[in-house]
Amino acid sequence: MKKLLMICGLLFSVVTFAQAQDGGRKMATPEERAQKNAEQLTKKLNLSEDQKAKVAAIFLDQAAAMKKAREENKGADREAMMAKMKAVNDENDVKINALLNEDQKKAFAEWKKERAENMKKRMEGRGPQGGGGQ
């Protein structure tokens, strides 16, 4: 009986430790990411409901295009994939800008700048890429 309790305790602690290592993070679906980005822009730019719906559709199309670019370049040229993704981002920025008034365009440019800075900080925090670990 003692052995059974010890095994259960050990198993429980291993499972708990493994979940703690995961960080509780899961990849959001393209729909969730599109909705999140649309919500952020709505708050930042005071978008109307019509604008919000159109922006969400643009972000959803962007997510699909990004997924396609990743699949097409799986294991291939990373630089080509990054160039394709940048082109998709630039195209979507043009589409979103077309929906906005002048004040919103200024706030959108600021929002993009903030996101770029946050991304840069996250990338710096990762340290050198490559290798299998420590």
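Shown above is the structure to which this text applies.
Cut-offs and rules
Residues numbered from 1 in each chain as written. Predicted model: local features only at pLDDT ≥ 70, side-chain atom pairs only at ≥ 80, totals over all residues. Heavy atoms only, no water. Helix = DSSP H or I, 4+ residues; strand = E, 2+ residues; numbered from the N terminus. Buried < 20%, exposed > 50% of the residue type's maximum accessible area, 1.4 Å probe, protein only. Contact = heavy atoms within 4.5 Å. Phe/Tyr/Trp six-rings, centres within 6.5 Å; stacked < 30°, edge-to-face > 60°. Salt bridge = Lys/Arg side-chain N within 4 Å of Asp/Glu carboxyl O.

Draft legend 1. Local environment of unusual backbone geometry. The backbone phi angle of Asn46 is positive, close to 55°, even though this residue is not glycine. Relative to the helices and strands, Asn46 is located in the loop between α2 (30–45) and α3 (49–72).

Draft legend 2. Summary view of the side chain of Gln51. Along the chain, the position of Gln51 falls in helix α3. Overall, Gln51 belongs to the buried group, its relative accessible area being 14%. Look past the residues within four positions of Gln51 in its chain and what remains in contact with it is Asn46, Leu99, Leu100 and Gln104.

Draft legend 3. A look at the packing of aromatic side chains. Scanning the model with the defined rule gives two aromatic pairs in all. Summarising the aromatic geometry, the rings of Phe108 and Trp111 are spaced 5.9 Å apart at their centres and angled 25° between planes, so their arrangement reads as stacked. Here Phe108 pairs with Trp111, and both are found in helix α5 (residues 102–126), just three residues apart, close to one helical turn. Accessibility expressed as a relative area gives 7% for Trp111, which makes it buried.

Draft legend 4. Structural context of the pattern of salt bridges. Scanning the model with the defined rule gives seven salt bridges in all. The partner of Glu91 in a salt bridge is Lys95, and the shortest N-O contact between them spans 3.5 Å. Separated by four residues within a single helix, Glu91 and Lys95 lie in helix α4 (residues 78–99), roughly one turn from each other. Residue Lys95 is classed as partly exposed on the basis of its relative accessible area, which comes to 36%.

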